[in-house]
Amino acid sequence: MVPPPPPAPPEVISRIKELREQLHYHNYRYYVLDNPVISDAEYDRLLQELEKLEEKYPELVTPDSPTQRVGAAPLEKFESLRHRQPMLSLENAFSEAEAREFDERLKRFLRTTEDFHYVVEPKMDGCAVELVYERGRFTVGSTRGDGIRGENVTQNLKTIHTIPLQMLGKEAPVPELLEVRGEVYMDLGEFEKLNREREGRGEAAFANPRNAAAGSLRQLDPAITAARPLKIYCYGVGEVKGASFKTHWDILENLKKWGFRVNPLIETCRGIDAAIAYHHRIEHQRHGLPYEIDGVVIKVDSLALQERLGTKARSPRWALAYKFAATQETTRVLDIAVNVGRTGAVTPMAVMEPVEVGGVTVSRATLHNEDEVARKDVRVGDTVLIQRAGDVIPEVVKVIIEERPPGAAPFQMPQNCPVCDTPLVRPAGEKVTRCPNPDCFGASTRGIMHFASKAGMDIDGLGEKIILQLVNAGLVKDVSDLYHLTEGDLVPLERFAEKSAQNIINAIQGSKNPPFWRLINALGIRFVGEATAQLLAQHFQTLEGLMAAGEEDLLQVEGVGPQVAGSIREYFDNPRNRELITKLKEAGVKEQPPEARAAGPLAGKTFVFTGGLAHFSREEAKALVTARGGKVSSSVSAKTDYVVAGADPGSKYAKARELGVTILTEAEFEKLVR
Ligand code: IVH
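In what follows, the accompanying structure is described. Model, not experiment: these values are computed from the prediction.

**Let's talk about the site of the ligand**
Among the 14 residues in the neighbourhood of the ligand, the closest are listed as Glu121, Met124, Glu183, Tyr235 and Lys299. The separation between an oxygen atom of the ligand and a polar main-chain atom of Leu90 is 3.4 Å. Tyr235 places a side-chain nitrogen or oxygen 3.4 Å from an oxygen atom of the ligand. Across the complex, the protein chains shield 86% of the 520 Å² of accessible surface that the ligand would expose by itself. Secondary structure elements with two or more residues in the shell around the ligand: strand S3 (117-124) and strand S10 (293-300). No other element matches the four residues that S3 contributes to the shell around the ligand. Residues of the shell around the ligand, tallied by class, amount to eight nonpolar, one polar and five charged.

Have a look at this one:
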């Protein structure tokens, strides 16, 4: 029998408490206020100290510890939960007149002529959630569902850093029970980045940030949610015990004091005119905001008045969603053009009569691929309903079939590339039609743009316009030509001053030694996006190693399946690509290895992982071990050299202790492999 571990001494218990309080506070400063007061390194030190103590005294680990954000095991399905109080929806208004009607209706109901104090808020376009706090601790969180019952997504919500695991209690006492309501959302920039990555991996893109947020929140594996850049804005409460408020504004002020993130654009105002003015102001600001909103919410501030007004079947009488002008419009299709992308993918695009959608004039909408055009049966001459989702290119929702002009012919994909006239190909089972000509101007221009982009060689200042000029002037045929450009080549081009020519040449020359993963990503291999590039870099360490890897070797990399492996092999087997790589090397392009390489420093060592890691995915962690010659096993035995215990470690942890296997924290593991 192994004796039970000694109980934790009181000074350890109080240090753990102190560390947690500090970490909760600094998390709040960093994520909620966006105003940290300590460096990242200091934060990491505090977190590591706590991790060490919790590892030594696992019985002291609590679910609200800052170490517990990621790490719960995947679920089989979500549990359904009944909300203590229904999560209501809002009545909509689409015009000033309807907003005024709302105000008058309230006055009639309350038999008053006095103007109301309103709280006016941006209406976030995300996914509504409820967070339950018991004595200040986040215990359960759920989606809105049908308003009566939602899904228990606690473990996913915990991965969102702007959701406090523990309420702050310094400025206002923590109530016994608090249900906080808010909207989980994704910033537009992050949404677009996520979609680019998904497309790079051959996965379907999310239609809009709302779907991306909802989809991310409803992942059974919290590690996936953790990797998605979700945020929250809180805008109300459900049941509360142990605190009382007089106004809605008072609720929001208290939420802020307790560490919740509340939209700074929320204001109070008096009378419906002021609320309407707020609507117009926010509508103007709308496209400059980093997130999507679809209107403003007008709420009666006084809780006493809210109580008197009460609720209707599904929405409270005291609140109104005053929506912005539709982001859907109808217009006519003038032509269906086809675009040639970086990988040679040919995308049909509807060219339309310009129309204003949500404040922006649009004249093109993507039709994605041949099957999509056929499914929606879009024809030249058709009137179509289009919509803008976020700041992405608008898409055709449907054809208004009643308005189809006689004789409109179904769309046919061109046989030949519209740019270089090479016959197009569409492999069996694929949705995408491609131009197979690697010299195709359309594909090569976009390929060069991708090569120069931030997640590629990161060549500052080398944007689309300049690349087009360089290609048009015949100066750049493939990306290796960039490295032979001189100032003298650029200055004669339109709009090039000497200074900017020099800056670009310097940026190109300065880009020659990127981290290995960025070089892999820059090559633009089909199905290899940023994340896969990073895994490949960790695993193979050098370009030579990657180029020499057979499909079997590639499949050893966690996260690389047959499709990706096949595509990588196909890329490197193509003599043109090999030649390109030789030319890049000759021009001085050389990757930086992921880290200093010793010859298999972990050779002969076997690792087992348990619990969730905060800084790596399991795949990445495994790749780090195997890249250094180590082995990863799924079960602990006497032969195991190290057990890496992340948050919420499972039975393997106990087994390791029993067998006396060395247990590493994530921080120690990181040190070992870095
Ligand atoms: S208040 C009873 N405030 O809109 C009050 N809702 O149509 C109900 N929403 O499900 C919610 N921003 O997802 C409120 N500032 C805001 C909001 C907001 C977005 C969403 C929420 C709700 C839906 C109601």
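**Concerning the pattern of salt bridges**
Working definition: two side chains of opposite charge can pair if their charged atoms are close together. The final tally for this structure, using the stated rule, is 36 salt bridges. Note that Arg218 is salt-bridged to Glu151, the shortest N-O span being 2.6 Å. Of this pair, Arg218 sits in the loop between helix H6 (209-217) and helix H7 (222-226) while Glu151 sits in strand S6 (residues 149-151), and the two are 67 residues apart along the sequence. Measuring nitrogen to oxygen at the nearest pair gives 2.9 Å for the salt bridge that ties Asp382 to Arg404. One end of the pair, Asp382, is in the loop between helix H11 (370-376) and strand S15 (383-387); the other, Arg404, is in the loop between strand S16 (395-399) and strand S17 (433-434), with 22 residues separating them in the sequence. Judged on exposure class, the residue Asp382 and its partner Arg404 are both buried. Taken together, the shared-partner salt bridges connect Asp377, Arg379, Asp382 and Arg404 into one network.

**Quick word on the state of the cysteines**
Following the criterion strictly, the structure yields zero disulfides and no others. Just so you know, Cys420 is unpaired, no disulfide at all, and the nearest cysteine sulfur is the one on Cys435, 3.6 Å from it.

**As for the pairing of strand S20 (residues 642-645)**
Look at any regular strand and the pattern is simple: side chains alternate between the two faces of the sheet. Every second residue of S20 is oriented toward a common face, with Tyr642 and Val644 on one face and Val643 and Ala645 on the other, all of them buried. Bridge analysis of strand S18 (residues 606-610) against S20 gives four bridges, and the strand direction is parallel. Bridged to Val608 within S20 is Val643. In the sheet, S20 pairs with strand S21 (residues 662-664) via three bridges, with the strands oriented parallel. Looking across to S21, one finds that Val644 is bridged to Leu664. Viewed along the sheet, the connection from S20 through helix H23 (residues 651-659) into S21 turns out right-handed.

**A word on the side chain of Ser65**
For Ser65, the location among the structural elements is in the loop between helix H2 (40-56) and strand S1 (80-82). We classify Ser65 as buried; its relative accessible area is 0%. A polar contact is formed between the side chain of Ser65 and the side chain of Glu54, at a distance of 2.6 Å. Among all residues touching Ser65, those that are not within four sequence positions of it are Arg20, Leu50, Glu54 and Leu165.

**Topic: the packing of aromatic side chains**
One pass over the full model with this rule turns up 15 aromatic pairs. Ring pairs connect the aromatic residues Phe607, Phe609, Tyr642 and Phe669, which therefore count as one cluster. Positioned over the ring face of Phe206 is Arg198, at 4.4 Å from the centre of the ring. Positioned above the aromatic ring of Tyr233 is the side chain of Arg261, whose terminal nitrogen or guanidinium carbon lies 4.1 Å from the ring centre.

**Some points on helix H15 (residues 498-509)**
With 12 residues, H15 should reach 16 Å at 1.5 Å per residue; the first-to-last C-alpha distance of 16 Å fits that figure. Buried residues belonging to H15 abut helix H13 (464-472) and helix H14 (487-490).

Cut-off values and rules
Residues numbered from 1 in each chain as written. Predicted model: local features only at pLDDT ≥ 70, side-chain atom pairs only at ≥ 80, totals over all residues. Heavy atoms only, no water. Near = heavy atom within 4 Å. Polar contact = N/O pair within 3.5 Å; in protein donor to acceptor, adjacent residues only side chain to side chain. Areas by Shrake-Rupley, 256 points an atom, 1.4 Å probe, with all protein chains shown as cover. Helix = DSSP H or I, 4+ residues; strand = E, 2+ residues; numbered from the N terminus. Nonpolar A, V, L, I, M, F, W, Y, C, P; charged D, E, K, R; others polar. Salt bridge = Lys/Arg side-chain N within 4 Å of Asp/Glu carboxyl O. Buried < 20%, exposed > 50% of the residue type's maximum accessible area, 1.4 Å probe, protein only. Disulfide = S-S within 2.5 Å. Pairing = 2+ DSSP bridges. Right-handed = clockwise from strand over helix to strand, strands pointing away. Contact = heavy atoms within 4.5 Å. Phe/Tyr/Trp six-rings, centres within 6.5 Å; stacked < 30°, edge-to-face > 60°. Lys NZ or Arg CZ within 6 Å of the ring centre and 35° of its normal. Expected span 1.5 Å × (residues − 1).

Functional significance is not addressed by these values, which are geometric in nature.
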